[in-house]
Amino acid sequence: MMDTIGLSILKGLLSFLMHPLTYITLLGAFILGLSRVKRDRRDFHTRVHDVLDDLVFAIVPGFIMGAIFMIVNLFLGITLPLSITVALSIAGFFLLITGQIRFLSPAFVFILPVLLVEFYTPIDLGIERLNSIQNGIDSVSMITPALLVGFLVLIEGILISRNAGKQTSPRLVESKRGKLVGAHEVQKLWLLPLFLFIPAGNVEALSWWPLLQFGDQAYSFFILPFPIGFRKLIHHALPLPEMKNNGRQVALLGGIGVLIGFVSYFLTIEWLALLTLILMAVGRAAILLLHRGKNKAAYFNERNEGLVILGILPESPADQMNLRVGEVISKVNGVSLGRGMDLYTALQQNAAFCKMEVLDFNGEVRFEQKALYNNTHHELGLLFVKDHRFSEVVEAQ
């Protein structure tokens, strides 16, 4: 029995590694990284984060959450027919190739499988393998997808709140008044290995696939690559608190979905499960609209007094000075900053030392200082919004 379980888990891992969506998702994360670096060089004449960072963020958090869900599902035993996993893959694929990663939420990806369950009738496609993929699609209970969507939206919320705000990308955008302002963009793709059970009828044509017997029904492990995407442009607030707030709201929505899903499961109420699926989609759309922030004042803009830190280059001298994105540098070497006085000019007052007066998020003043060597005053690694059509990096070259 243990040999069968081990072999089945191995085959499940192979199903993940052989699935094209695994590599399409990773390619999508790499392309997002390339486009971000290209935009960084256009706006700031330097790269802010490495391209490979997007791949790391796609793999590590997603695999951690996938492992946690696997443990949970070993107790729950959530089962989907192969037909539903194919529909999920198709929905994820089209959202990826069209670049609509803001809609790559489990709440939206499951719309296609739910529509198929409700309205699709299997037809003879003339090929036995294609006909077998349709097995079970007309007999799926809505309770299983409802419970699964609740868990996946909860996972999405955790990923957003704990990971999306850690590495945002500074940008320059034009306001409605034609003024250049700063913003932070979050574009994330996570690859979640979704551990599921597949009924034996879907894999019986594969004689080499090991099956597990539970009662009168045989099942097999299946690991589906499930992409979760997130995109948001933040110009009206600090990126990290905004992402945490956004993630908490999504996680709360997912938690509600899990609770209602369990109620529908224990009471066997199909209409309540369908209502849960609708609630997840509508609620997720409402959160998207709630966080658009189009009519709110820009946080990162040029001010008469002080310079707002739009970005900090990793491993730069500024990164070592305990400075944070969104804080305001009011003075450098005793020189007040603002319109008409840039940071570089103030640094020339003392080429060997930099002392900054910084206003934190509570408006309180603190001082940061650092010795400068070998012309490092040209390479502090701070990004600001300038009045002309590009920003100043002081100076990251």
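Residues numbered from 1 in each chain as written. Predicted model: local features only at pLDDT ≥ 70, side-chain atom pairs only at ≥ 80, totals over all residues. Heavy atoms only, no water.

(A) Quick peek at the overall build of the protein. Regarding its fold elements, the protein presents eleven helices and twelve strands. With 397 residues in all, the protein has 52% of them scored as buried. Contacts in the protein between residues at least 24 apart in sequence constitute 71% of all its contacts with a sequence separation of at least 6. When the accessible surface of the protein is split by element, carbon and sulfur atoms take 61% of a total near 19000 Å². (Helix = DSSP H or I, 4+ residues; strand = E, 2+ residues; numbered from the N terminus. Buried < 20%, exposed > 50% of the residue type's maximum accessible area, 1.4 Å probe, protein only. Contact = heavy atoms within 4.5 Å. Areas by Shrake-Rupley, 256 points an atom, 1.4 Å probe, with all protein chains shown as cover.)

(B) Expanded view of helix α4 (residues 82-97). An ideal rise of 1.5 Å per residue puts 22 Å on 16 residues; α4 measures up with 23 Å between its terminal C-alpha atoms. Those residues of α4 that sit buried are L82, S83, I84, T85, A87, L88, S89, A91, G92, L95 and L96. Count one or two residues on from α4 and you reach G99, which has phi positive near 75°. (Expected span 1.5 Å × (residues − 1).)

(C) Representation of the packing of α4 against helix α6 (residues 111-119) within the structure. Interhelical geometry of α4 versus α6 gives an angle of 135° and a closest axis separation of 8 Å. Classed by the angle they form, the pair α4 and α6 counts as oblique. Remark: the crossing between α4 and α6 carries right-handed chirality. Counted together, I84, A87, L88, I90 and A91 of α4 and L112, P113, L116 and V117 of α6 form the full contact between these two elements. Split into classes, the residues belonging to the contact of α4 with α6 amount to nine nonpolar, no polar and no charged. (Axes fitted to C-alpha atoms, helices over the stretch in contact; angles between N-to-C directions. Parallel < 35°, antiparallel > 145°, perpendicular 65-115°, else oblique. Left-handed = near helix turned anticlockwise from the far one by under 90°. Nonpolar A, V, L, I, M, F, W, Y, C, P; charged D, E, K, R; others polar.)

(D) Fine view of unusual backbone geometry. At T268, a residue that is not glycine, the phi angle is positive and equals roughly 55°. Within the fold, T268 resides in the loop between α9 (239-267) and α10 (270-290). Looking at T268, the relative accessible area reads 59%, which means it is exposed. The backbone phi angle of E315 is positive, close to 65°, even though this residue is not glycine. Within the secondary structure, E315 is located in the loop between β6 (311-312) and β7 (328-332). When its relative accessible area of 73% is taken as the criterion, E315 is described as exposed.

(E) Molecular detail of the nonpolar core. By size, the foremost hydrophobic cluster in this structure holds 58 residues, and its most contacted members are L88, L148, L152, L194 and F226. With eleven residues, helix α8 (residues 143-164) is the largest single contributor of residues to this core. In this structure L148 touches F69, I78, L80, F110, L194 and L196, once residues within four positions along its chain are discounted. Residues M321, I329, L343 and M356 belong to the second largest nonpolar core, which totals 19 residues. (Core = buried A, V, L, I, M, F, W, Y, C linked by side-chain atoms within 4.5 Å.)

(F) The arrangement of a positive patch on the surface in detail. A grouping of R162, K166, K244 and R248 is seen on the molecular surface, where their side chains present a positively charged patch. Mapped onto the fold, R248 is located in helix α9. (Patch = residues over 30% accessible without salt bridge, like charges linked within 9 Å, V, L, I, M, F, W, Y side chains within 5 Å. Salt bridge = Lys/Arg side-chain N within 4 Å of Asp/Glu carboxyl O. Lys, Arg positive; Asp, Glu negative; His and termini not counted. Charge placed at Lys NZ, Arg CZ, Asp CG, Glu CD.)

(G) Inspection of a nonpolar patch on the surface at higher detail. On the surface, L10, L13, L14, L17, M18 and Y23 cluster together into a nonpolar patch covering about 600 Å² of accessible area. Element by element, the count of residues in the nonpolar patch is highest for helix α1 (residues 2-18), at five residues. Mapped onto the fold, L17 is located in helix α1.

(H) Focus on the pairing of strand β10 (residues 365-371). Where strand β9 (residues 353-359) and β10 come together, seven bridges link them in antiparallel fashion. Its bridge partner lying in β10, L359 is registered against V365. Linking β9 to β10, which pair antiparallel, is a turn of five residues; within it G363 sits at a positive phi near 80°. (Pairing = 2+ DSSP bridges.)

(I) View of the packing of α9 against α10. Closest axis-to-axis distance for the α9/α10 pair is 9 Å, and the angle between their directions is 175°. Relative to α10, the element α9 lies roughly antiparallel. Across the interface between the two elements, N246, Q249, V250, L253, G254, I256, G257, I260, G261, V263 and S264 of α9 pack against L272, A273, T276, L279, M280, G283, R284, I287 and L290 of α10. Each residue belonging to the contact of α9 with α10 can be placed in one class, and the counts come to eleven nonpolar, eight polar and one charged.

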